[in-house]
Amino acid sequence: MSIKSRIRTIPHYPRAGIMFRDITTLLKDPIGLRTTIDAITERYRAEKIDKVIGIESRGFIFAAPVAYVLGAGFVPIRKQGKLPAETISCDYQLEYGSDKIEIHADAIDKGDRVLMIDDLIATGGTMESAIKLIQEMGGNIVECCFVVDLPNVGGSKRLRQQGHQLYSLCSFDD
């Protein structure tokens, strides 16, 4: 079963020239969803992951069940103002603007082995900021995992050039 074949492409959304990769078609397909979660968990089963980070919001969909299967904790990284306790934050650039992400200040223990998960990597700005937060807290990032990579946008290349390990289940080159 091809995960890529379960992802719908919507041309010119949210603006002209953008080819939006819609994972809702993958999520509604029970086989597609199970195959995606199984593929991710199988890759990290022997890694002794302490925490799985999910990037708001679609990263949560994949990170929580992966954390459950791996016997790890799930930690959300959220947009500004969404977490109730003390946070640390980082500003970042999006494909369509800028924003700020936050994590609870007590979410990562020094030395934790951390798996980062998001649905898609485009410019890489969100993940780059999330990596900074985890490293600032003393976490050791095992890998950054994505369902979809858009390599022509440049984010995966930039993160690899910074020395980060990345893995994607599929990519769209157009």
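Okay, so let's go over this structure. On a predicted model such as this, the values are computed, not experimentally measured, just so you know.

## Examining the environment of Y44
With respect to the helices and strands, Y44 occurs in helix α2 (residues 30-44). For the pair formed by Y44 and L115, sequence separation is 71 residues and the distance between their alpha carbons is 8.5 Å. Excluding anything up to four places from it in sequence, Y44 contacts I49, L70, L115, E143, C145 and Y167.

## A word on the environment of F20
Looking at the element boundaries, F20 is found in strand β2 (residues 19-22). For F20, a relative accessible area of 23% corresponds to the partly exposed category. Along the sequence, F20 and R78 sit 58 residues apart, while their C-alpha atoms lie 22 Å from each other.

## Looking at the packing of aromatic side chains
A complete count under the given rule lists 2 aromatic pairs for this structure. Between Y13 and F20, the ring centres sit 5.2 Å apart and the planes meet at 85°, which makes this aromatic pair edge-to-face. Ring geometry for F60 against F74: centres 5.9 Å apart, planes inclined by 85°, an arrangement best described as edge-to-face. In this pair, F60 is assigned in helix α3 (residues 58-70) and F74 in strand β4 (residues 73-79), connecting sequence segments 14 residues apart. In this arrangement the basic side chain of K4 is found over the ring face of F172, its NZ or CZ atom lying 4.9 Å from the centre. Geometry around Y167 places R43 over its ring, the cationic atom sitting 3.8 Å from the centre.

## A look at the packing of α2 against α3
Where α2 contacts α3, the two axes come as close as 10 Å, and the packing angle between them is 50°. Classed by the angle they form, the pair α2 and α3 counts as oblique. With respect to the hand of their crossing, α2 and α3 are arranged in right-handed fashion. Mapping the contact onto sequence places L33, T36, I37, I40, T41 and Y44 in α2 and I61, F62, P65, V66, V69 and L70 in α3. The residue makeup of the contact of α2 with α3, split by class, is 10 nonpolar, 2 polar and no charged.

## As for the nonpolar core
With 26 residues, the main nonpolar core has V52, L115 and I117 as its most contacted residues. The set of elements that each furnish at least two residues to this core consists of α2, α3, β7 (113-121), β8 (140-149) and β9 (166-171). Sort the elements by how many residues they give to this core and α3 lands first, with 5 residues. M116, M127, I134 and L159 belong to the second-largest nonpolar core, a separate cluster that totals 24 residues.

## Describing helix α4 (residues 125-136)
Over its 12 residues, α4 runs 17 Å from end to end, which matches the ideal 16 Å to within 8%, given 1.5 Å per residue. Across the 12 residues of α4, 9 count as buried, placing the element largely inside the fold. Three or more residues of α4 are buried, namely G125, T126, M127, E128, S129, A130, I131, L133 and I134. Immediately beyond the C-terminal end of α4, within one or two residues, lies G138, with a positive phi of roughly 95°.

Analysis parameters
Residues numbered from 1 in each chain as written. Predicted model: local features only at pLDDT ≥ 70, side-chain atom pairs only at ≥ 80, totals over all residues. Heavy atoms only, no water. Helix = DSSP H or I, 4+ residues; strand = E, 2+ residues; numbered from the N terminus. Contact = heavy atoms within 4.5 Å. Buried < 20%, exposed > 50% of the residue type's maximum accessible area, 1.4 Å probe, protein only. Phe/Tyr/Trp six-rings, centres within 6.5 Å; stacked < 30°, edge-to-face > 60°. Lys NZ or Arg CZ within 6 Å of the ring centre and 35° of its normal. Axes fitted to C-alpha atoms, helices over the stretch in contact; angles between N-to-C directions. Parallel < 35°, antiparallel > 145°, perpendicular 65-115°, else oblique. Left-handed = near helix turned anticlockwise from the far one by under 90°. Nonpolar A, V, L, I, M, F, W, Y, C, P; charged D, E, K, R; others polar. Core = buried A, V, L, I, M, F, W, Y, C linked by side-chain atoms within 4.5 Å. Expected span 1.5 Å × (residues − 1).

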